[in-house]
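Each chain is listed here by its residues.
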Amino acid sequence: MVGPAKRLTPQPTFVVTSEGDLKGKTLVVDDDEKVIGRRDASDIVLPESHVSLTHARVQRQKGAVLLEDLGSTNGTFVNGEPLTTSRALRHGDVVIFGGVETRFEDRGSQLAREDSTEAMEMPRPEEIEEEEIPVLSPRQAEVLRYLRQGLTNPQIAQKLGVTERTVKAHCQEVYDRLGVPNRTAAVDAAHRLGLPDGD
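Residues numbered from 1 in each chain as written. Predicted model: local features only at pLDDT ≥ 70, side-chain atom pairs only at ≥ 80, totals over all residues. Heavy atoms only, no water.

- The protein chain carries the name FHA domain-containing protein in an unreviewed UniProt entry, which gives Egibacter rhizosphaerae as its organism.

Here it is in structure tokens:
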């Protein structure tokens, strides 16, 4: 059955604005937690000498995007102020990681504010037709079960005996199947759709 078109919510991003090879690079915050740093194993890699190996952490919690400096050598700055505690970012904030200046863009929050006056009633599980419920592979169902238990990517990787990169790929497959952008929305969708929680 074909339903109404869904509005895709843009992911929060940092767009590099400082001069140099990185100018124009887009850093996408497409998970609940991302570590930014010069190290190749970082979730978001900024290969610039003034950026620490492990520089900062960005987290998505209940619709907010929080930024925290991880004891970097050259500091993290938001709108010219040094970041000393975890801080919620706003669309348009200027964020500097060491020597890399970026502009934070969160168009999803802008859309949410535009839609704040609209009421939306979600269908109850018994109202959802059988063909609308997505079918997950055994591995996807296992990953979803761990997400519902609140496990982090490293914990899921340990449970499955795979790398964190593989876990991220599995999570993205689950998000795609459920038509959601992140793990929080996946858990909500699983509950709304009445998907079994597994053993």
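After that view of the structure, there is still more to cover.
Topic: the sheet that holds strand β6 (residues 64-69)
And step 1. Across the sheet, which stays open at both edges, the five strands sit in the order β4-β3-β5-β6-β9 with mixed pairing between neighbours. Each edge of the open sheet is held by one strand with a lone partner, namely β4 (44-45) and β9 (87-88).
And step 2. In terms of strand pairing, strand β3 (residues 33-37) meets β4 through two bridges, oriented parallel. The residue bridging I36 from the neighbouring strand is I44, located in β4. (Pairing = 2+ DSSP bridges. Helix = DSSP H or I, 4+ residues; strand = E, 2+ residues; numbered from the N terminus.)

Some details on the environment of N74
And step 1. Mapped onto the fold, N74 is located in the loop between β6 and β7 (76-78).
And step 2. Separated by 23 residues in the primary sequence, N74 and V51 place their C-alpha atoms 7.1 Å from one another.
And step 3. Discounting residues that sit within four places of it in the chain, N74 has contacts with H50 and G98.
And step 4. For N74, the side chain forms a polar contact with the main-chain oxygen of H50, separated by 2.9 Å. (Contact = heavy atoms within 4.5 Å. Polar contact = N/O pair within 3.5 Å; in protein donor to acceptor, adjacent residues only side chain to side chain.)

What about the sheet that holds strand β2 (residues 26-28)?
And step 1. What the six strands build is an open sheet, ordered β2-β1-β11-β10-β7-β8; its pairing is antiparallel. In the strand order of this sheet, the two ends are held by β2 and β8 (81-82), each with one partner.
And step 2. Sheet topology places strand β1 (residues 13-16) next to β2; three bridges connect them, and they run antiparallel. Across the sheet, the residue bridging to V15 is T26, located in β2.

So, the packing of helix α3 (residues 153-160) against helix α4 (residues 164-178)
And step 1. Their axes nearest at 9 Å, the elements α3 and α4 cross at an angle of 100°. Overall, the two elements α3 and α4 adopt an arrangement that is roughly perpendicular. Along the contact surface, α3 presents N153, P154, I156 and A157, while α4 presents E164, V167, K168 and C171.
And step 2. Tallied by class, residues from the contact of α3 with α4 come to five nonpolar, one polar and two charged. (Axes fitted to C-alpha atoms, helices over the stretch in contact; angles between N-to-C directions. Parallel < 35°, antiparallel > 145°, perpendicular 65-115°, else oblique. Nonpolar A, V, L, I, M, F, W, Y, C, P; charged D, E, K, R; others polar.)

Things to note about the side chain of T102
And step 1. Within the secondary structure layout, T102 lies in strand β11 (residues 100-105).
And step 2. For T102, a relative accessible area of 0% puts it in the buried group.
And step 3. Not counting chain neighbours up to four residues away, the residues in contact with T102 comprise F14, V15, V16, T17, D93, V94, V95 and F97. (Buried < 20%, exposed > 50% of the residue type's maximum accessible area, 1.4 Å probe, protein only.)

Considerations on the pattern of salt bridges
And step 1. The final tally for this structure, using the stated rule, is nine salt bridges.
And step 2. Residue E68 pairs with R57 through a salt bridge whose shortest N-O separation is 3.0 Å. One end of the pair, E68, is in strand β6; the other, R57, is in strand β5 (residues 56-61), and eleven residues separate them in sequence.
And step 3. On the basis of relative accessible area, E68 is assigned to the partly exposed category, the value being 28%.
And step 4. In the salt-bridge network here, residues are joined through shared partners; they are E33, R57 and E68. (Salt bridge = Lys/Arg side-chain N within 4 Å of Asp/Glu carboxyl O.)

Considering the pairing of β11
And step 1. As defined by bridge partners, β1 adjoins β11 across four bridges and the pair is classed as antiparallel. Its bridge partner lying in β11, F14 is registered against F104.
And step 2. Pairing analysis gives four bridges linking strand β10 (residues 94-97) to β11, with the strands arranged antiparallel. Across the sheet, residue F97 finds its bridge partner in β11, namely V100.
And step 3. Where β10 hands over to β11, the hairpin turn is made up of two residues, of which G98 adopts a positive phi near 65°.

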